Amino acid sequence: MVQNYKSPVRVYKHSFELVMAAYQKRFPTCKMIPIFLGSEILSEYKSEDGAIHIVERRCKLNMDAPYLLKKIVGVDYIYFIQKNSLNWRERTLKIEAYNESFSSRIIVIEGCTYFIHPENPDWTCFEQTASLEVKSFFSFENTVEKFAVKQYAASLKKGKEILLYYINELIEEGFEPGPTWAEVHKDDPIQPASDHSDSEPSSQSEDETEEESKKRLTLEVPQAISANGKHSDGHHHRNHHHHNYGSNERANETPSTSGLRGGETSTKVHMRRRRLASSAMEKGAVGGMGSEEEVSKVDEDYIEQYLGPLTLLQESRLIQLREWLSETHKGKMPKDMHLLRFLRARDFNTEKAHEMITASLAWRKQHQVDKILSTWVPPEILLVSFAGGWHYHDSDGRPLYIVRLGQMDVKGLIKAAGEEAILRHVLSINEEGMRRTEEATKKAGRPISSWTCLVDCEGLSMRHLWRPGVKALLRMIEVVEANYPETMGKLLIVRAPRVFPVIWTLVSPFIDENTRQKFLIYGGKNYMEHVGGLPDHIEQQYIPDFLGGDCFCDIPEGGLIPKTCYRSMEDLQNPDELPLCSETIYKSATLQKGLPQEVVVHITDMHQVLTWDFDILRGDVVFSVLMSRHPLTVHKEPMGPMGLTNTVVIDKSMVCGVDFRQVELPLVCRAGASIQGTHVCQATGWYILQWKFYSNANQTKADQAKAHQQGKGHHHHHKSKVMYYYEVLSHEDFRGSMSSLKSGHSGFSALSISSTGSSKASASSSQVSR
């Protein structure tokens, strides 16, 4: 397997001529690289005008490997071929290196480039690529690979120290670089790329558009010179890695660079680098750059300041992912911090991270998530009843979001605002979180890529185990996990009640393992202990007052949502928005005389449990459960000019007791009622959940007056409206499901009983709770 590596661009704030003078001091031997035993020149070429100088060397290195490995291999030294191509006109040095020893078993290729800074011609940049392929090595392939990676990382770090040492030594000696080659040869007919430094190039390469150039060459990761291709000396290159060989090169970043990509001239490469700043000034939580002061992101200092400590492999994977994405993604390039989140979520596996972020970027574009902070206006019911909000920061400087989960009316929120609106609200919270992390990073002067969430479970009970609510929650977790990985730095759960382990059992399998490890759960009142408690994670001055702290927390308190706020799915849909949910938890239907709503459920195993949960939004309804042994044809029956349709399977020609039979007695449900129930299926077949309009012809005057007072059943006396949900469970899950059904009320504790409108209804063989 080929291992590819690529380093971030390193910047030396010294002239190219001074850096080259320091680089040459390492030959023929270097006292600061003990394993570099010497080198011999194999060939050398100088152009007549002195602009081009090419040297090919054979380098001898001491094999700094474990004794056992050296014993088995039978050698103490290894040899590498290094080719340096110095272009004084373009002010570039390209270095190529590959292994001569064990070339039939191991292929090591390394490429480096020194070039002038795109924005400051008095600075010098350095970038490096490498590849390693271990074909066979005496059954020590894994050992050799790990050893090579370790040595490569060590030599790369040492390389900067060595070059800076020689630079400082030259400065102390009074070294004066003198004029550049172009300044001396002003009449040179070949204009160097540096001559373009003060003006924007007017054209690109013939096969490259301006947009493609900007995409491929972003600010954070300038396009590096590829090590793929063929060496000019005839050796075929496959990738780019090192081994131990680069000691003299690698140690100084010297080991080399490969040829230019696709035959491009260095002038074209420089022209593309000149467009770095102009292509980097896009805004957004995910795409584009943040501000003008971040334009100079071509060096490793940017990584340290904005991304945090990364290993050599992690840096390389980040650069590889960005370059790969720049070739396949059209539109805004995600920020490096966002790319890192996806890499961390996939253990820095570039292919898996690319697959994940590509899907996420397509999803963001499809649903215009980048605009959600500026366009999304939450319904009033969410602003008042969604008990969550931002509150200062934790002790590590992360933005802090607080959720009073126990005070949320989950069922009420879903039925009053809809799953779609709640999901959009959750996405806006995540987008705002990423925006706040950027602000926190600038304020703290160090990388802050995630936020902390504090969840107060006071009031959490079995009602929160309401199955449709849990399913909606799992869907939201799935969306967030897929599109906002590694954004949760810490999740603090306080005042967790006894029912919490049940909820955790349901939810935790859907949460990524890395995220689960960030959970800290406090039961009882020990969360305020000074050792291991909230004060360890949030400064006392910012702990909310409702948790015993000193800080006033201005977030909604939640509470019971009246049923008068419930709305049908049609009312909740926004025709101008592409739904985020492919299908919602609840469906709705309008009923009228002779036009019921019937849902067919195919039961394939005996003892499966058919569950339902529905609310009568308008009028009165008769609910029945029917069953047929034979397949049924579903008909779509249109209703009214709006194009709404109901599904009907029982036609007038079918006879009860012959074509189908009742398995649940009809249940009359009044306007405003919430009904939950189950039926344990005793036979396989096709079960029908049926809702029919119930006439008020026999309604008493007292009931009519009550309906009129409530504003229901008066203006729509010929129609009813129902919002329903159903699910089929295995027999083994039945017991837990009953708990969730019984807790599915829009109320708190005893309030849930008094808020229900059909407490006397029952069914013969089903268990119904209201």
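None of these values were measured; they are calculated from a predicted model. (Residues numbered from 1 in each chain as written. Predicted model: local features only at pLDDT ≥ 70, side-chain atom pairs only at ≥ 80, totals over all residues. Heavy atoms only, no water.)

A. Focus on unusual backbone geometry. One non-glycine residue, Q368, adopts positive backbone phi at about 55°. With respect to the helices, strands and loops of the structure, Q368 is situated in the loop between helix 11 (350-367) and helix 12 (372-375). Under the relative-accessibility criterion, Q368 is labelled exposed at 51%. Although it is not a glycine, H607 sits at a positive phi angle of roughly 75°. Inspection of the secondary structure assignment puts H607 in the loop between strand 17 (597-603) and strand 18 (609-618). Take H607: its relative accessible area is 37%, and that puts it in the partly exposed class. (Helix = DSSP H or I, 4+ residues; strand = E, 2+ residues; numbered from the N terminus. Buried < 20%, exposed > 50% of the residue type's maximum accessible area, 1.4 Å probe, protein only.)

B. Molecular detail of the confidence of the model for the chain. In this model, the chain carries a mean pLDDT of 76, and residues with pLDDT of at least 70 account for 72%. Note on residues 736-770: pLDDT is under 50 here. Beyond four places in sequence and across chains, it has 87 contacts. (pLDDT = per-residue confidence, 0-100. Contact = heavy atoms within 4.5 Å.)

C. Region of the structure containing the packing of helix 9 (residues 312-328) against helix 11. Packing of helix 9 against helix 11 brings their axes to within 10 Å, and their N-to-C directions diverge by 45°. Classified by the angle between their axes, helix 9 and helix 11 sit oblique to one another. In this structure, helix 9 meets helix 11 at a crossing whose hand is right-handed. Along the contact surface, helix 9 presents R317, Q320, L321, W324, L325 and T328, while helix 11 presents T350, E351, A353, H354, I357, T358 and L361. Grouping the amino acids of the contact of helix 9 with helix 11 by side-chain chemistry returns 6 nonpolar, 5 polar and 2 charged. (Axes fitted to C-alpha atoms, helices over the stretch in contact; angles between N-to-C directions. Parallel < 35°, antiparallel > 145°, perpendicular 65-115°, else oblique. Left-handed = near helix turned anticlockwise from the far one by under 90°. Nonpolar A, V, L, I, M, F, W, Y, C, P; charged D, E, K, R; others polar.)

D. Summary view of the environment of S7. On the secondary structure map, S7 appears in the loop between strand 1 (2-6) and strand 2 (10-12). Judged by its relative accessible area of 7%, S7 falls in the buried class. With 313 residues separating them along the chain, S7 and Q320 place their C-alpha atoms 9.6 Å apart.

E. A look at the packing of aromatic side chains. Taken as a whole, this structure holds 16 aromatic pairs when the rule is applied. On the numbers, 5.9 Å between centres and 80° between planes, the contact of F16 with W88 is edge-to-face. Highlighted residues: F16 in helix 1 (residues 16-24) and W88 in the loop between strand 5 (77-87) and strand 6 (92-99), separated in sequence by 72 residues. F16 gets classed as buried once you look at its relative accessible area, which sits at 0%. With 5.3 Å between their ring centres and 40° between their planes, F623 and W691 make a pair best called tilted. (Phe/Tyr/Trp six-rings, centres within 6.5 Å; stacked < 30°, edge-to-face > 60°.)

F. Highlighting the sheet that holds strand 19 (residues 621-628). Across the sheet, which stays open at both edges, the 4 strands sit in the order 17-24-19-22 with antiparallel pairing between neighbours. Looking at the sheet topology across the chains shown, the edges are occupied by strand 17 and strand 22 (661-669). On average, each strand axis in the sheet is tilted by 15° relative to the strand beside it, whichever way the strands run. Bridging between strand 17 and strand 24 (residues 685-693) involves 7 bridges; their strand directions are antiparallel. Its bridge partner lying in strand 24, V600 is registered against I688. (Pairing = 2+ DSSP bridges.)

G. Broad picture of the nonpolar core. L307, L382, I422, L427, I493 and Y586 are the most contacted members of the largest nonpolar core, which has 80 residues in total. Filtering out sequence-adjacent residues up to four positions away, L427 remains in contact with W363, I372, V479, Y484 and L580. Within the second largest apolar cluster, 33 residues are counted, among which are I106, C112, I116 and V134. (Core = buried A, V, L, I, M, F, W, Y, C linked by side-chain atoms within 4.5 Å.)

H. Fine view of the sheet that holds strand 13 (residues 451-456). The strand order across the open sheet formed by 5 strands is 11-12-13-14-15, and the pairing between neighbours is mixed. Sheet topology places strand 11 (388-393) and strand 15 (519-523) at the edges, where each strand pairs with a single neighbour. Here the strands of the sheet are splayed against their neighbours by 20° on average, with no regard to which way each runs. Of the strand pairs in this sheet, strand 11 and strand 12 (residues 399-403) are connected by 4 bridges, and their pairing is antiparallel. Looking at the pairing, W390 lines up with Y401 of strand 12.

I. Highlighting empty space enclosed by the protein. Under the definition given, this model contains 11 cavities of 30 Å³ or more. Forming the walls of the largest cavity are 42 residues, and the residues nearest its centre are V403, L405, L473, I477 and L491. Among the elements of the structure, strand 12, helix 14 (410-417), helix 15 (419-444), strand 13, helix 16 (467-483), strand 14 (488-496) and helix 17 (500-507) are those that each provide at least two residues to the lining of the largest cavity. In terms of residues, the lining of the largest cavity owes the most to one element, helix 16, which gives 8 residues. Class assignment of the residues belonging to the lining of the largest cavity gives a composition of 34 nonpolar, 5 polar and 3 charged. (1 Å grid on protein atoms, 1.4 Å probe; cavity = no way out; pocket = protein on both sides within 12 Å on 5 of 7 lines; lining within 4 Å. Points joined across faces, edges and corners; volume = space filled by probe spheres on them.)

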